[in-house]
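Given next are the chains, with one letter for each unit.
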Amino acid sequence: MDFRNRLLVGLLVLALGTAGWQLGLGYWSFKDSLDKDLQGDLAKYMTLTEAALDLEGPYPTLDSAKLPSTSELQGRIRLSKEGQVLLEVGGPFPGINPDWLRHTRNLPTGHVLEVALSQRDHNLALRDYLRASMVSLLFSLVFAILLAILLRRYLMRPLQSLESATESLARAHFPEPLPIFGRDELARLTGSFNRMVGKLRRAMEREKSFTRYASHELRTPLAAVKANLGAARQGVVTSDELIQVVENNLTQMENTLNGLLALARGLGKPSPVQISIFLEELAETLPEAAQKRVCINAPAITLELPREALAGTVRNLLENALKYSQDTVYLTLVKGDPFHLVVRDFGPGVPQETLKRLTEPFFRVHPDLPGTGLGLTYARQVAEALGGNLELRNHPEGGFEATLVLGVPRA
Amino acid sequence: MRVLLVEDHQDLARPLLRVLAQDRYDAVWAKNLREAYAHLAEAEPDLLVLDVMLPEGEDAGFELADELRTAGYSKSILFLTARDAVEDRIRGLDLGGDDYLSKPFDISEFMARVRALLRREGPTKNAVFERGALQVNLALRQVFWSEHEVPLTNKEFALLELLVLQPERVYYLEELVERLFPQADSGFITVRMYVMRLRDKLSPQTIQTVPGGYRFGL
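Just so we're clear, the structure is a prediction, and the values are computed from it rather than from any experiment. (Residues numbered from 1 in each chain as written. Chains lettered and ligands numbered in written order. Predicted model: local features only at pLDDT ≥ 70, side-chain atom pairs only at ≥ 80, totals over all residues. Heavy atoms only, no water.)

## Quick notes on the overall build of chain B
In plain terms, the rule: Only DSSP runs of H or I reaching four residues or more are called helices, and only runs of E reaching two or more are called strands; each is numbered from the N terminus. Put simply, the radius of gyration uses C-alpha atoms, and a globule should come to 2.2 Å times the residue count raised to 0.38. To sort residues, take the accessible area from a 1.4 Å probe on protein chains only and compare it with the maximum for the residue type: under 20% means buried, over 50% means exposed, and anything in between is partly exposed. By definition, residues are in contact when any of their heavy atoms lie within 4.5 Å. Only the protein chains shown count as cover for residues, and all accessible areas are computed by the Shrake-Rupley method using a 1.4 Å probe. For this count, His and the chain ends are skipped, Lys and Arg are scored as positive, and Asp and Glu as negative. For the purpose of locating charges, the reference atoms are NZ of Lys, CZ of Arg, CG of Asp and CD of Glu.
Regarding its fold elements, chain B presents eight helices and 12 strands. For a compact globule of 218 residues, the expected C-alpha radius of gyration is about 17 Å, and chain B comes in at 18 Å, within 12% of that figure. Each of the three principal axes of chain B carries a C-alpha extent, and together these read 50 × 35 × 30 Å. Within chain B, the fraction of its 218 residues that count as buried is 54%. Taking as baseline every contact in chain B between residues at least 6 positions apart, the subset at least 24 positions apart corresponds to 57%. In the structure as shown, chain B presents an accessible area of about 9200 Å², 50% of it carried by carbon and sulfur atoms. For chain B, the separation between the mean place of its 27 positive charges and that of its 36 negative charges on side chains is 5 Å.

## A short note on the pairing of strand 10 (residues 329–334) of chain A
Residue and element names in this part refer to chain A. Counted only if it meets this: Strands qualify as paired when DSSP identifies two bridges or more between them.
The two faces of strand 10 differ: V329, L331 and L333 on one face are buried, but Y330, T332 and V334 on the other face are not. As defined by bridge partners, strand 8 (residues 294–297) adjoins strand 10 across four bridges and the pair is classed as parallel. The residue bridging N297 from the neighbouring strand is T332, located in strand 10. Here strand 10 runs beside strand 11 (residues 339–344); their pairing, made up of five bridges, is antiparallel. If you follow V334 over to strand 11, its bridge partner there is H340.

## Points about the environment of A:A264
Of note, A:A264 is situated in helix 5 (residues 239–265). For A:A264 and A:Y378, which are 114 residues apart along the polypeptide, the C-alpha to C-alpha distance reads 9.6 Å.

## A short note on the domain arrangement of chain A
For the record, the criterion: Bear in mind that the domain bounds are from an automatic or database domain assignment.
By domain assignment, chain A separates into domain 1 (1–173), domain 2 (185–261) and domain 3 (268–406). Placing the centre of domain 1 of chain A and that of domain 3 of chain A at their C-alpha centroids yields a distance of 93 Å.

## Focus: the nonpolar core
All names here are of chain B. Inclusion rule: Buried Ala, Val, Leu, Ile, Met, Phe, Trp, Tyr and Cys residues that are joined via side-chain atoms within 4.5 Å together make up what is termed a nonpolar core.
Counting residues in each nonpolar core, the largest one holds 58 residues, and the members touching the most others are L16, F110 and V136. Per-element accounting of this core gives the leading share, eight residues, to helix 6 (residues 154–165). Beyond its immediate sequence surroundings of up to four residues, F110 is in contact with L16, L20, V49, L78, L80, L101 and F105.

## Some details on the interface of chain B and chain A
So the rule is basically this: When two components associate, each loses some accessible surface as probed by a 1.4 Å sphere; the sum of these losses over both components is called the buried area. The salt bridge criterion pairs a side-chain nitrogen of Lys or Arg with a carboxyl oxygen of Asp or Glu, the two atoms within 4 Å. Each residue is assigned to one of three groups, with Ala, Val, Leu, Ile, Met, Phe, Trp, Tyr, Cys and Pro labelled nonpolar, Asp, Glu, Lys and Arg labelled charged, and all others, Gly among them, labelled polar.
Across the boundary between the two partners, chain B contributes 24 residues, which contact 26 residues of chain A. In total, chain B and chain A occlude about 2300 Å² of area from one another, counting both sides; carbon and sulfur atoms represent 57% of this. On inspection of chain B and its partner chain A, the count reaches two salt bridges. For the side of chain B that touches chain A, the leading source of residues is helix 1 (residues 10–22) of chain B, giving eight residues. In terms of residue class, the side of chain B that touches chain A is made up of 10 nonpolar, two polar and 12 charged.

## A few points about the sheet that holds strand 6 (residues 112–118) of chain A
Strand pairs in the sheet, formed through backbone hydrogen bonds, run parallel or antiparallel to each other. All names here are of chain A. Note the following rule: Only the contacting stretch of a helix is used when fitting its axis, a line to C-alpha atoms as for every element, and angles between N-to-C directions run 0 to 180 degrees.
Taking strand neighbours across the sheet as the criterion, the four strands line up as 4-3-6-5 in an open arrangement whose pairing is antiparallel. Lying at the two open borders of the sheet, with one neighbouring strand each, are strand 4 (84–89) and strand 5 (100–106). Neighbour-to-neighbour, the strand axes of this sheet turn through a mean angle of 20 degrees, independent of strand direction. In this fold helix 1 (residues 3–52) packs onto strand 3 (75–81), strand 5 and strand 6, with an angle of close to 140 degrees to the strand it touches most, strand 6.

## Re the domain arrangement of chain B
Residue and element names in this part refer to chain B. Quick note on the threshold: In protein, a polar contact means a hydrogen-donor-capable atom and an acceptor-capable atom, both N or O and within 3.5 Å, with residues adjacent in sequence counting only if both atoms are side-chain atoms; elsewhere, any N or O pair within 3.5 Å suffices.
With domains assigned, chain B is organised as domain 1 (2–119) and domain 2 (128–216). At the junction of the two partners, domain 1 supplies 14 residues and domain 2 supplies 16 residues. Summed over both sides, the interface of domain 1 with domain 2 buries roughly 1200 Å², with 43% coming from carbon and sulfur. On the surface where domain 1 and domain 2 come into contact, there are one salt bridge. At the boundary of domain 1 with domain 2, the tally comes to four residue pairs in polar contact (both at pLDDT 80 or more). Of the residues contributing to the side of domain 1 that touches domain 2, the split by class is four nonpolar, no polar and 10 charged.

## Re the side chain of B:D11
Positionally, B:D11 belongs in helix 1. The charged side chain of B:D11 is buried without a salt bridge, its nearest counter-charge being B:R14 at 4.7 Å. Those residues in contact with B:D11 that sit more than four places away from it in its chain are A:A224, A:N228, A:V245, A:N248 and A:N249.

## Brief notes about the environment of A:L200
Residue and element names in this part refer to chain A. If you trace the backbone, L200 turns up in helix 4 (residues 185–233). A relative accessible area of 36% means that L200 is categorised as partly exposed. Aside from chain neighbours lying at most four places away, what touches L200 is L169 and F174.

## Section: the packing of helix 1 of chain B against helix 5 (residues 107–119) of chain B
Two quantities define a packed helix pair, namely the angle between the helix axes and the distance between the axes. Residue and element names in this part refer to chain B. Put simply, the rule reads: Any angle from 65 to 115 degrees is called roughly perpendicular, while one under 35 is roughly parallel, one over 145 is roughly antiparallel, and all others are oblique. Each crossing gets its handedness from the near helix: less than a right angle anticlockwise from the far helix is left-handed, clockwise is right-handed.
Two numbers describe how helix 1 lies on helix 5: the axes approach to 11 Å, and their chain directions differ by 55 degrees. On the basis of their axis angle, the class for helix 1 and helix 5 is oblique. Seen from above, helix 1 lies across helix 5 with right-handed handedness. Contacts between helix 1 and helix 5 involve P15, L16, V19 and L20 on the former and, on the latter, I107, F110, M111 and V114. Looking at the contact of helix 1 with helix 5, its residues break down into eight nonpolar, no polar and no charged.

## Observations concerning the pattern of salt bridges
Within this structure, the stated rule accounts for 33 salt bridges over all chains. Here A:E241 ties to B:R18 by a salt bridge, and the two come within 2.8 Å at their closest N and O atoms. Of this pair, A:E241 sits in helix 5 while B:R18 is found in helix 1, placing the two residues in two different chains. B:R197 is the partner of B:E156 in a salt bridge, and the nearest nitrogen-oxygen pair spans 3.3 Å. A residue pair is termed long-range when its members are at least 10 positions apart, and B:E156 in helix 6 and B:R197 in helix 8 (residues 187–201) qualify at 41 residues. What makes B:R197 partly exposed here is its relative accessible area of 33%. What you see here is one network of salt bridges that share partners, running through B:R2, B:D26, B:E42 and B:K155.

## Observations concerning the packing of aromatic side chains
This is how it is decided: Ring geometry is summarised as follows: Phe, Tyr and Trp rings, the Trp one being its six-membered ring, pair when their centres sit within 6.5 Å, and such pairs are stacked at plane angles under 30 degrees, edge-to-face over 60 and tilted between the two. Distance and angle both matter: a charge sits over a ring if NZ of Lys or CZ of Arg is within 6 Å of the ring centre and within 35 degrees of the ring normal.
By the definition in use, this model includes nine aromatic pairs over all chains. With 5.9 Å between their ring centres and 85 degrees between their planes, A:Y330 and A:F346 make a pair best called edge-to-face. With A:Y330 in strand 10 and A:F346 in the loop between strand 11 and helix 9 (375–385), the pair connects residues that are 16 residues apart, well separated along the chain. Relative accessible area serves as the criterion here: at 37%, A:F346 is assigned to the partly exposed category. Here the aromatic cluster, defined as three or more aromatic residues joined through ring pairs, consists of A:Y27, A:F30 and A:Y129. Just above the ring of B:Y25 sits the side chain of B:R141; from NZ or CZ to the centre is 3.9 Å. The ring of B:Y194 has B:R197 lying over it, and the distance from NZ or CZ to the ring centre is 4.8 Å.

Shown next, in the form of structure tokens:
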């Protein structure tokens, strides 16, 4: 049974239970009050009968002037002694019969006085009451079913659209945003569902675009090598040209693969890093000509950082600066909270409109120059993972400035 | 036959251009959209080989194809791309691409597809065209007259190929100049010279002169 039908049945049972309960309670209280009345009447009748009884004479007599009319009350009286009936008034005394309410009293004279009152009318009234209640219960049932169906439709409408939207999401089709009715829990649920779909869609698009670019960046050099091999076999590409092409494209593929792996691998464990020594050592791994152009200005402080990831990031920023400028590149650590690691060059900077796209994977301002388009993406990922960010700008006084904001505590 | 290759990766473009040239196609290279527009303005290519991801954007190739088809370009387009997802192929073909080759590919397959697409232009669907004593092998780029191979230069072959691909069609002088010698200063004279050379090497009837142009004559 699905959720809707369970809800429907639950509602029905609840409505029926309430109606039945009310019916039972009404019947019981009606019967109780009738019973009490009748019992009262019977007791009174017994008392009156006893008073009207004359046991003095040789035969017991009943002064009917002292009694209410038996026909009106439909009462019966029987007086007996030692199993012998002495007096019977109103007709034959009834036996055990649901239509009659009987009362027996042993008199001090040894007589047994029995009185009975008809409860036929009383029983009929109860039966009528029960019948009327059953009819009304039936109507209530029909009404409850109708109401439950309407309610189910009304309550289920947002759930139904959510259900079909979730189903289409599960089949990797992104549903259109669902309309939101009202301001209740379902409306909030629908709202967060819409937001979730939006985020998922954007993440999927980013992922798709990333895969497209990654496949392009890896397949293009592969295609170049393969095409050159084919052309060399046909004798239109010399072996020197072939070697050059293979070398260039292998390097490009290797760089792209390394960049992709770095993005996928994550940061690694932080350890205490003495910044000034770390930066000096890093600069020493650069080609000699480049080393001479790097000017490091960092205090001797120790920070808790993932060494490999930081080295990769700073190296990317330094190599960019060295590639796009001819003069000295300044690498400065600015103390503060948080720490800023600034790489500044005096090159031409980048076109202002490309600034925002610089950290997109595979984006390259100069596609003709060698590069993977992954360096700044990696730098931003590392900075964000460290609780900071990467700020890139064309310096107002010329050149380009990359600032790695490091949200890390001092070791 | 003029082939325009739009491909931003030089290491890939070079071998393709070389094998195209070896097979006597007039192959020109554009490494971005800007250069592609310049070459397109110069002369309409018989085949456009188009990379999808260009420096101008990840869908620049698709956009160029769409633009050209809208503008009325009716010749073949071969997409050459690293993107091999089904939706990319569908998009490429829906935008008016005639074929789709994903990287990396075999250079001989590339050439086979180029030939197939160029043959599609005319009624000649076979790789070998035969009429009278003339036999032209469009795949091997060879010409035989009475079963003897006749050596032709690239331009001579290109002219003959153009004529045999649509043997019933009349080519006006202006069109031949535009398609075969777009950069020549005196194109009309050049075309006439090549017609004469072909008539010399094959037979005078091979090319028939009609008012304003030429047609295949056998």
